[in-house]
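# Summary of the model geometry
The primary structure of each chain is shown beneath.
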Amino acid sequence: AQTKDFVMPDSLRGMGYEQLNERLIKHADNVPLAQLYTYAILEKGKAQNHLGMMANAYLRLGILEQRDSLKLQFYNKSLSLTQGKNVKGFPAKAYIIIGDYYYDRLKFDISVENYIKALKGVDDQDMKYHILDRIASIKMEVFQYEESLQLFHQCKTYFETDSLTLKKYKNIYINTL
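Residues numbered from 1 in each chain as written. Predicted model: local features only at pLDDT ≥ 70, side-chain atom pairs only at ≥ 80, totals over all residues. Heavy atoms only, no water.

Here the focus is the overall build of the protein chain. Regarding its fold elements, the protein chain presents 11 helices and 0 strands. Sequence-ordered secondary structure for the protein chain, helices as α and strands as β, is α-α-α-α-α-α-α-α-α-α-α. Here the contacts in the protein chain between residues at least 6 apart in sequence split such that 44% fall between residues at least 24 apart. Carbon and sulfur atoms make up 51% of the accessible area of the protein chain, which amounts to about 10300 Å² in all. (Helix = DSSP H or I, 4+ residues; strand = E, 2+ residues; numbered from the N terminus. Contact = heavy atoms within 4.5 Å. Areas by Shrake-Rupley, 256 points an atom, 1.4 Å probe, with all protein chains shown as cover.)

Let's shift gears to the environment of D109. Examined against the element boundaries, D109 turns out to sit in helix 7 (residues 108–120). Note: C-alpha distance between D109 and K139 (30 residues apart in sequence) is 9.9 Å.

Next up on the list: the nonpolar core. The biggest cluster of nonpolar side chains holds 32 residues, and the ones touching the most others in it are Y75 and I131. At the level of elements, helix 4 (51–64), helix 5 (68–82), helix 6 (92–104), helix 7, helix 8 (125–141) and helix 9 (145–160) are the ones that each hand at least two residues to this core. Ranked by residues supplied to this core, first place goes to helix 6 with 8 residues. Of all hydrophobic cores here, the second largest spans 20 residues; its members include L20, A34, Y58 and L64. (Core = buried A, V, L, I, M, F, W, Y, C linked by side-chain atoms within 4.5 Å. Buried < 20%, exposed > 50% of the residue type's maximum accessible area, 1.4 Å probe, protein only.)

Next up on the list: the pattern of salt bridges. Using the criterion set out here, one finds 5 salt bridges in the structure. Across the pair R134 and D100 runs a salt bridge, and its minimum N-O distance is 3.0 Å. On the criterion of sequence distance, the pair formed by R134 in helix 8 and D100 in helix 6 is long-range, its members being 34 residues apart. The shortest N-O distance in the salt bridge between K139 and E147 comes to 3.1 Å. You can call K139 buried: its relative accessible area is 15%. Given the relative accessible area of 39%, E147 is considered partly exposed. (Salt bridge = Lys/Arg side-chain N within 4 Å of Asp/Glu carboxyl O.)

Okay, the packing of helix 5 against helix 6 next. As a packed pair, helix 5 and helix 6 sit with axes 9 Å apart at the nearest point and diverge in direction by 160°. In terms of orientation, helix 5 and helix 6 fall into the roughly antiparallel class. Between helix 5 and helix 6 lies a crossing whose hand is left-handed. Taken together, the residues of helix 6 that come into contact with helix 5 (itself represented by D68, K71, L72, Y75, N76, S78 and L79) are A94, Y95, I97, I98, Y101 and Y102. In the contact of helix 5 with helix 6, the residues fall into 9 nonpolar, 2 polar and 2 charged. (Axes fitted to C-alpha atoms, helices over the stretch in contact; angles between N-to-C directions. Parallel < 35°, antiparallel > 145°, perpendicular 65-115°, else oblique. Left-handed = near helix turned anticlockwise from the far one by under 90°. Nonpolar A, V, L, I, M, F, W, Y, C, P; charged D, E, K, R; others polar.)

Once that is clear, we can look at the layout of surface pockets. Think of a ball as big as a water molecule: rolled over the atoms, this probe shows where empty space is left. Here the largest pocket is characterised by a volume of approximately 230 Å³. In terms of lining residues, the largest pocket is bounded by N86, V87, K88, G89, F90, A92, K93, G121, V122, D123, D124 and M127. Looking at side-chain class alone, the lining of the largest pocket contains 5 nonpolar, 3 polar and 4 charged residues. (1 Å grid on protein atoms, 1.4 Å probe; cavity = no way out; pocket = protein on both sides within 12 Å on 5 of 7 lines; lining within 4 Å. Points joined across faces, edges and corners; volume = space filled by probe spheres on them.)

Applying the stated criterion to the full structure yields 6 aromatic pairs. Both rings, one in Y75 and one in Y101, keep their centres 6.2 Å apart while their planes meet at 75°; by these two values the pair is edge-to-face. Linking Y75 in helix 5 with Y101 in helix 6, this pair joins segments that are 26 residues apart in sequence. Take Y75: its relative accessible area is 4%, and that puts it in the buried class. Between F143 and Y145, the ring centres sit 6.1 Å apart and the planes meet at 70°, which makes this aromatic pair edge-to-face. Taking relative accessible area as the criterion, F143 reaches 62% and is therefore assigned exposed. Residue class for Y145 comes out partly exposed when judged on its relative accessible area of 44%. What links up through ring pairs into an aromatic cluster is the set Y75, Y101 and Y102. Stacked on the ring of Y101, the Lys or Arg R105 has its end atom at 3.7 Å from the ring centre. (Phe/Tyr/Trp six-rings, centres within 6.5 Å; stacked < 30°, edge-to-face > 60°. Lys NZ or Arg CZ within 6 Å of the ring centre and 35° of its normal.)

Structural data, given as C-alpha cells:
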C-alpha cells in the first residue's frame, strides 16, 4: 500500500477536508478520481496529524483498490494507526471492513473473528447491532441456526426500540425478520 508516490495536484492543495470529501462523494463511481481525492484527504490528514482522517482514507483506499493483496494492506494500515488510540469509531470500523473482506471470500471463521474484535472496541450501540447482524448472517450461512436466530432476535428487538434507528438501519431490520 504505497502512498509515498502521491503528489498532491496544485488544484487540490488549497481545498479543505470538506471540499475534498464532497468531490469524493460526487465522483465515487469514478475509481481513479475517487482514489485521487482519497489520497488528497490522506495527505491532509498526515499534514494535520489527524488519525481519524488518515484511518478513514486508508479504509477508502482499500475499498477502491482492485488487488486483494493491497486491499488488506490498506485495511491493516488503518487498523495499526488506530489501535490503542482514542479515535472515534476505530479500530472497530477497520475490523468490520476486514471482516467484510473475508466474508466476501467465504472465509467465515476469519470474518467472525474480526467482527468479534470490532465488538470488543465498539461503544456505539447502532454499530454493535450492525456487527451482530453480520455475525448472525454468517451463523446462518454455516447452518448454526439456533445461534443465528438468537442474534437476529437481539438485533430485531434493538432496532424496534427506536424509530430513528429503525429508519437508519431499515435494511438490517428487514434482514432480521
